[in-house]
Amino acid sequence: AAFLEEEEEKMELAMLNLKAGEKAMSLATFLISASYLKAGISMLCENQWEKHYDLSLQLYSLYAEAEYCNGHFQDVAHATGFVINKGKSFEDKNRVYATLIKSLAAQNKTQDAMHIGFNVVTKLGVQRNWCLPDEAAIMKDIMEIKMILTNTTETELLNFKEMKDNSMITAMKFLQTLALCAYFAKQ
């Protein structure tokens, strides 16, 4: 019975550290956030991912983000590795994939970031050509889009359907990050 009480107390402490870490993140105090989240992780028991999956997922995911903001990329790799290996679903892993991609890009490991990112968007259902189109084809597409937007009124634009497919919304966020990676890689 004492063991169960001790475990419950540790889980309460882990949850309090998660809340404190979230609050610190919202205040952009990333070093403090990371210390709270790391303390929360240290409270988890050995079979943490089986018994306290949601808490473990939240602690490790947010810890990876805090350490990314701190520039502690080894800690990011370690935390994201846990979530990627222990996560039950692909959706549970998306947050750490985004953090990992940004972390790799910040270290000028653009190829690795792009590789992971394209694997993620492929799993999200985005079909793509493996060969990049030539510059003329890209310019043609840009001009077509520009003409469509030029001939679209403000009212028509505001009446376009909102995207509802969560997989495609997530894919668009990843593609935005990948576009930034590609842009900065060319600088």
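Anything mentioned here points back to the structure above.
Reading guide: rules and limits
- Residues numbered from 1 in each chain as written.
- Predicted model: local features only at pLDDT ≥ 70, side-chain atom pairs only at ≥ 80, totals over all residues.
- Heavy atoms only, no water.
- Helix = DSSP H or I, 4+ residues; strand = E, 2+ residues; numbered from the N terminus.
- Rg over C-alpha atoms; globule rule 2.2 N^0.38 Å.
- Buried < 20%, exposed > 50% of the residue type's maximum accessible area, 1.4 Å probe, protein only.
- Contact = heavy atoms within 4.5 Å.
- Axes fitted to C-alpha atoms, helices over the stretch in contact; angles between N-to-C directions.
- Parallel < 35°, antiparallel > 145°, perpendicular 65-115°, else oblique.
- Left-handed = near helix turned anticlockwise from the far one by under 90°.
- Nonpolar A, V, L, I, M, F, W, Y, C, P; charged D, E, K, R; others polar.
- Expected span 1.5 Å × (residues − 1).
- Bend = angle between axes of the 7 residues up to and from the residue.
- Phe/Tyr/Trp six-rings, centres within 6.5 Å; stacked < 30°, edge-to-face > 60°.
- Lys NZ or Arg CZ within 6 Å of the ring centre and 35° of its normal.

## Comments concerning the overall build of the protein chain
The helix and strand tally for the protein chain stands at ten helices and zero strands. Rg of the C-alpha trace for the protein chain: 21 Å, well past the compact-globule value of 16 Å for 187 residues, more than 25% over. The C-alpha extent of the protein chain, read off along each of the three principal axes, is 70 × 35 × 30 Å. Across the 187 residues that make up the protein chain, the buried fraction comes to 32%. Look at the contacts in the protein chain between residues 6 or more apart in sequence, and 59% of them connect residues 24 or more apart.

## Regarding the packing of helix α7 (residues 110–123) against helix α10 (residues 166–186)
Helix packing for two helices is described by the angle between their axes and how far apart those axes are. At a minimum axis distance of 10 Å, the contact between α7 and α10 shows a crossing angle of 160°. Classified by the angle between their axes, α7 and α10 sit roughly antiparallel to one another. The two elements α7 and α10 cross, and the hand of that crossing is left-handed. Along its contact with α7, which presents T110, A113, M114, G117, F118, V120 and V121, the element α10 presents A171, F174, L175, L178, C181, A182 and A185. Across the contact of α7 with α10, the residue classes break down as twelve nonpolar, two polar and no charged.

## Points about helix α6 (residues 90–106)
Under the 1.5 Å per step criterion, the end-to-end length of α6 is 24 Å for 17 residues, consistent within 8% with the ideal 24 Å. The sharpest bend along α6 measures roughly 30° and falls at V96. For α6, the full list of buried residues reads F90, K93, N94, V96, Y97, T99, L100, I101, S103 and L104. Buried residues along α6 sit in contact with α4 (53–70), α5 (73–86), α7 and α10. Looking one or two residues past α6, N108 carries a phi angle of roughly 60°, positive in sign.

## A look at the packing of aromatic side chains
Overall, the coordinates contain four aromatic pairs when judged by the stated rule. Measuring from centroid to centroid gives 4.9 Å for Y60 and F82, while their planes differ by 35°, and the two rings are tilted. Here F82 lies in helix α5 and Y60 lies in helix α4, a separation of 22 residues in the sequence. Joined through ring pairs, the aromatic side chains of W49, Y53, Y60 and F82 make up one cluster. Here the basic side chain of K88 rests over the ring of Y53, its NZ or CZ set 4.4 Å away from the ring centre.

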